[in-house]
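Chains, contacts and geometry: an overview
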Amino acid sequence: MTARRLTLVAALVAAAVLATGTTATLSGWTAAVVANPGSDAAAATLALAHAYPGGSCAITARGTGAVSCSGSLLPSAAVTVGGVSATDTLTNNGTLSAARLVSEVRATSCGPVALANSRTAADPLLPRLGTAFGQTDPWGGSAAVTFSSGGYAADVVATSTGTLLGSSYSLGVWFKVANGYAAGGPLMSLAASPVDGSSAASSPMLWMDTTGKIRFRLTGTLGTSSSGASVSSYNDGAWHLAVLSVAATLVSTPTLYVDAAAGVTGLGLSALTGGNAYWHLGWADFTGVAGAPAATLPGSLAGAFVTSSTVSSGTRSSLLGAATGSAYATLALGLAGSTHLWMLDDSGTSTHSGTLPVIGATSPCSMVDLAWSATTPAGTISAGGTKLSAFADGSWHTIAAPAPGATQSWVATASRDATWNAYVAGLRLAVPVQHRIQSAPSGSAWSRTFSFADATSVVIG
């Protein structure tokens, strides 16, 4: 049938309907309804904000994915027997009712922050207390650490000083202190204590005195010592490279170099006393040392190395003239007898999972407890007496959410566990925390996550 005839038929049918008054129906069709529930994405919102001592962080309506937050919801002061606390508030800036929200908290891991050893991976330095990462370095980058508030670092594998008896070795480190700084402090040392405990004076050690001059000291087997000081002062706010090169046979002859200045050589002396000791940056044991400066150094350090050979003048000039941190690392790793290189270019989020002095394979995270609760509405994230290591197992902990427009208070308290050991004091225990909020039922498309995982997300042991 042609289109013209179809049109004619349709017109005749319509005319017949009008003439007879018969009503036409669409049999088999069902009614359709379009609804807009009050809690769908067109009307409701999912938006919350945290406010805590380290700052604030928020997720806004219509956003997607996770949001990275700086700082931590956990206490940042060193733990005590009675505990230290941090308070956080969570405000519901959205319109979803509390009954329609699922709020969960977890920590994915816990471990002591480490400064990588590019030569000997199993022997990192562990920074403690006030340590800032990603600081301006000697090469114009951001590959240095800055210590403050008693901060320092020590390695985890003991050095047998007997291996240095009658042997040559060298150590070096870049340093910078504030212009006019007058309290002095240690740059690099080898000490019997794996932490900051007093025993006998560190040997060898490099430090800045109260006039800004760089000094060295070695103690010999007969109780004698060798020492010397730079001619110039270096408390000028600029980066400088200090290298102590020790030539040894039956006696040791140390020579101190700072930048391009001529070396300062100490008197020959008997070799080092045998024993076990640990390398430190920013701390030294000054027991028995006259005119000792501050025990820690509030300054910046970079590119620390140790070798089992002397460093020639030409090699020292090459290290000093390296254009980049990468070039410096290549030169330092290429030194004869290279045993350690801590570039200190770490992010502050990498951790050490190996054995530690004194406590062995025991996790320092098991020596700190975390109690974490909330009010308005009330809830418990981590019960009192829960070990930090147990909390940080990756499990989600559910807690009631606040109603729209309401603010919930969270209080986290870290304290020493009964098993706490003094070795843990000051360790930076990285605890990356996540807070996930989603619409009920859980697993729906409405899900956002706060992530606290930068270098400041730590509990200080």
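The structure this text deals with has already been given above.
Anyway, here's the lowdown on the structure attached to this text. (Residues numbered from 1 in each chain as written. Predicted model: local features only at pLDDT ≥ 70, side-chain atom pairs only at ≥ 80, totals over all residues. Heavy atoms only, no water.)

**What about the packing of aromatic side chains?**
Remark: the centre distance and the inter-plane angle together describe each pair of aromatic rings, the angle taken between the planes. The criterion, for reference: Any two rings among Phe, Tyr and Trp, with Trp reduced to its six-membered ring, count as a pair given centres within 6.5 Å; such a pair is stacked if its planes are under 30 degrees apart, edge-to-face if over 60, and tilted if neither. The numbering of helices and of strands both runs from the N terminus, where a helix is a DSSP run of H or I of at least 4 residues and a strand a run of E of at least 2. In this scheme, a residue with accessible area under 20% of its type's maximum is buried, one over 50% is exposed, and one in between is partly exposed, where area comes from a 1.4 Å probe on protein chains only.
What the rule picks out here adds up to 9 aromatic pairs. Consider the rings of W139 and Y328, whose centres lie 5.2 Å apart with planes at 40°: the pair is tilted. Here W139, found in the loop between β7 (125–135) and β8 (144–155), pairs with Y328, found in helix α3 (residues 325–333); they are 189 residues apart in sequence, far enough to count as distant. Here Y328 falls in the buried class, since its relative accessible area comes to 0%. Judged by centre distance (5.9 Å) and plane angle (80°), the rings of W372 and W410 are edge-to-face. Here W372, found in strand β22 (residues 368–375), pairs with W410, found in strand β25 (residues 407–416); they are 38 residues apart in sequence, far enough to count as distant.

**Digging into the sheet that holds strand β2 (residues 55–59)**
Using the following cut-off: Any two strands with at least two DSSP-identified bridges between them are counted as paired. Axis lines are fitted through C-alpha atoms, for helices just across the contact stretch, and the angle between N-to-C directions can take any value from 0 to 180 degrees.
As summarised here, the arrangement of the 6 strands in space is β2-β1-β4-β25-β22-β23, forming an open sheet in which the pairing is antiparallel. Each having just a single partner strand, β2 and β23 (379–382) make up the two edges of the open sheet. Pairwise comparison of adjacent strand axes, ignoring direction, gives a mean angle of 20° for this sheet. The sheet contact formed by β22 and β23 spans 3 bridges and is antiparallel.

**Let's talk about the sheet that holds strand β26 (residues 428–430)**
Strands belonging to one sheet form pairs held by backbone hydrogen bonds; the direction of such a pair is parallel or antiparallel. Read across the open sheet, the 3 strands follow the order β6-β26-β29; overall the sheet is antiparallel. The open sheet has two free edges, formed respectively by β6 (111–112) and β29 (458–460), since each of these has just one partner strand. Direction of pairing for β6 relative to β26: antiparallel, over a ladder of 2 bridges. Following the sheet pairing, P112 is matched in β26 by L429.

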